[in-house]
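Coordinates in review
Chain by chain, the residues:
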Amino acid sequence: MITKRHLILGTAATAGLASLGMPLARAQSKTLRVSTYGGSWLEAVKKDIEPRFKERTGASVEYIVGGPRESLGKLLAAKGQNVPFDIVEWPDDIQAEAVKQGLVESVDRAQVPNIGNLQPEATLRKGYSPAASWVISGLIYNGAKLKEAGISAPAGYEALMEPRLAGHVALPDIRNPVTVAFLAGLNKQLSGNETEIDKSLAFLQGVKDPIFYPNFAVLQSRFAAGDIWLVPGNLAYVVRLRSATPETEFVRPQIGNRRAVAQANIVDIVKGTPERALAEAWLNVVFDADVEYAFARATGYAPTQLLAAQRLGADPKLARGFLTDPHDVAGLFFPDWDQVNAAYPQWIEKWNRAMRR
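For the structure given in this document, a descriptive report is provided here.

1. Structural notes on the overall build of the protein
For the protein, the count of helices and strands is 16 helices and 12 strands. Computed over C-alpha atoms, the radius of gyration of the protein comes to 21 Å, within 12% of the 21 Å expected from 2.2 N^0.38 for 357 residues, which places it in the range of a compact globule. Considered along the principal axes of its C-alpha atoms, the protein spans approximately 70 × 45 × 35 Å. Counting the 357 residues in the protein, one finds 55% classified as buried. Surface summary for the protein: the accessible area is close to 14,900 Å², and the carbon and sulfur share equals 51%. Charged side chains in the protein number 40 positive and 37 negative. The centres of these two groups are separated by 1 Å.

2. Quick word on helix α4 (residues 68–78)
Every buried residue of α4 is accounted for by Pro68, Ser71, Leu72, Leu75 and Ala78. One side of α4 holds all its buried residues, which, seen down the axis, span an arc of 125°. Looking at the buried side of α4, the elements it contacts are β1 (31–36), β3 (87–91) and α5 (92–101). Of the residues trailing α4, Lys79 is marked for its positive phi of about 55°.

3. Brief notes about the packing of helix α8 (residues 198–205) against helix α16 (residues 337–355)
Contact pair α8 / α16: the axes reach a minimum separation of 10 Å and the direction vectors enclose 25°. One finds that α8 runs roughly parallel with respect to α16. Of the two possible hands of crossing, α8 and α16 adopt the one that is right-handed. Side by side, α8 and α16 meet where Asp198, Leu201, Leu204 and Gln205 of the first sit next to Lys350, Trp351, Ala354 and Met355 of the second. Class assignment of the residues belonging to the contact of α8 with α16 gives a composition of five nonpolar, one polar and two charged.

4. As for the pairing of strand β2 (residues 60–65)
Here six bridges tie β1 to β2, and the two strands are oriented parallel to one another. Bridge pairing in β2 links Thr31 to Ser60. A crossover connection joins β1 to the parallel β2 through helix α3 (residues 39–57); in handedness this β-α-β unit is right-handed.

5. A closer look at the environment of Gly66
Looking at the secondary structure, you find Gly66 in the loop between β2 and α4. Its relative accessible area of 16% is what places Gly66 among the buried residues. When the C-alpha atoms of Gly66 and Gly38 are compared, they prove to be 7.0 Å apart, with 28 residues separating the residues in sequence. Beyond its immediate chain neighbours, meaning those up to four positions away, Gly66 contacts Thr36, Tyr37 and Ser71.

The rules behind each value
Residues numbered from 1 in each chain as written. Predicted model: local features only at pLDDT ≥ 70, side-chain atom pairs only at ≥ 80, totals over all residues. Heavy atoms only, no water. Helix = DSSP H or I, 4+ residues; strand = E, 2+ residues; numbered from the N terminus. Rg over C-alpha atoms; globule rule 2.2 N^0.38 Å. Buried < 20%, exposed > 50% of the residue type's maximum accessible area, 1.4 Å probe, protein only. Areas by Shrake-Rupley, 256 points an atom, 1.4 Å probe, with all protein chains shown as cover. Lys, Arg positive; Asp, Glu negative; His and termini not counted. Charge placed at Lys NZ, Arg CZ, Asp CG, Glu CD. Arc of directions from axis to C-beta. Contact = heavy atoms within 4.5 Å. Axes fitted to C-alpha atoms, helices over the stretch in contact; angles between N-to-C directions. Parallel < 35°, antiparallel > 145°, perpendicular 65-115°, else oblique. Left-handed = near helix turned anticlockwise from the far one by under 90°. Nonpolar A, V, L, I, M, F, W, Y, C, P; charged D, E, K, R; others polar. Pairing = 2+ DSSP bridges. Right-handed = clockwise from strand over helix to strand, strands pointing away.

Have a look at this one:
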């Protein structure tokens with residue numbers, strides 16, 4: 001790794017300057033390729049992360065937009081040679097597979113000092129990039145619609161079976177990115193094992209006339225139209241849904257002695273990148289307290305940076321949309337993603353047999 005830094009920067013000491021916010025030598029001719037999500041997420045990256053990175057390094061940024069599994073497939077195809085990007089964003093279930101396949105680099109914390117200011121739960125795989133933000137999976141509901149129908153606010157997954165909600169419960173399709181965390185939590189609650197899907201499918205077959213949504217755009221449209229009253233989804237969705245439906249609320253369902261499922265957004269350094277030093281500088285900006293605060297407000301995903309979380313939690317208006325209390329974060333259910341990934345192909349087969357109707 002030192003050799004690569006020497007080729008890029010001239011000396012390892014210069015790489016250290018990057019982590020402290022100093023411009024990188026000769027970086028003006030360099031470009032960091034970042035694989036990330038599109039839409040409002042990409043706009044937040046461009047607004048909150050890119051300017052600070054450019055200020056500190058002088059490098060340019062190229063974005064490769066794609067889904068997590070698409071990014072994983074590209075890296076598997078590259079086999080570490082002429083990799084298509086230097087930095088990749090994806091959830092921690094995909095990171096688990098990428099680590100297993102040897103597709104990402106471990107992180108030198110001396111070059112990314114801001115990692116030292118994260119919540120302890122953010123370290124998911126020792127030596128690798130920690131969680132940059134939390135994706136909290138639970139239940140979202142339209143409080144006004146439930147009140148009109150005389151239905152109490154939901155407390156857990158059993159609310160999906162409420163007869164008076166027939167035709168107004170939405171379920172994510174099996175290939176929807178939110179489904180893995182939802183099923184992991186439901187499996188754990190019903191069978192005690194996050195990989196055992198049979199009881200969950202039997203349970204979901206009892207939901208009367210569900211609306212299946214393939215992506216957030218469909219959910220947003222039908223939620224705003226008043227068709228969907230209750231749906232498994234992410235806490236970050238609430239901020240966007242409230243713009244059209246102010247009565248949108250979120251509940252963290254009970255999962256054993258835990259509440260809600262924790263999934264994380266990860267920013268990984270790709271193994272084989274020729275721009276390791278720039279990738280480390282990007283990571284250090286990602287974990288900056290001010291950046292995490294601004295990014296959380298833009299995207300709705302809770303920060304893992306301690307000061308950013310405290311700042312959000314201190315504002316009553318903002319605290320409502322994030323999980324910032326250290327006890328609540330510690331009380332989340334963290335699935336074993338290696339086991340879930342191994343079971344996922346079977347989930348798809350069983351889901352298609354049970355839920356396609």
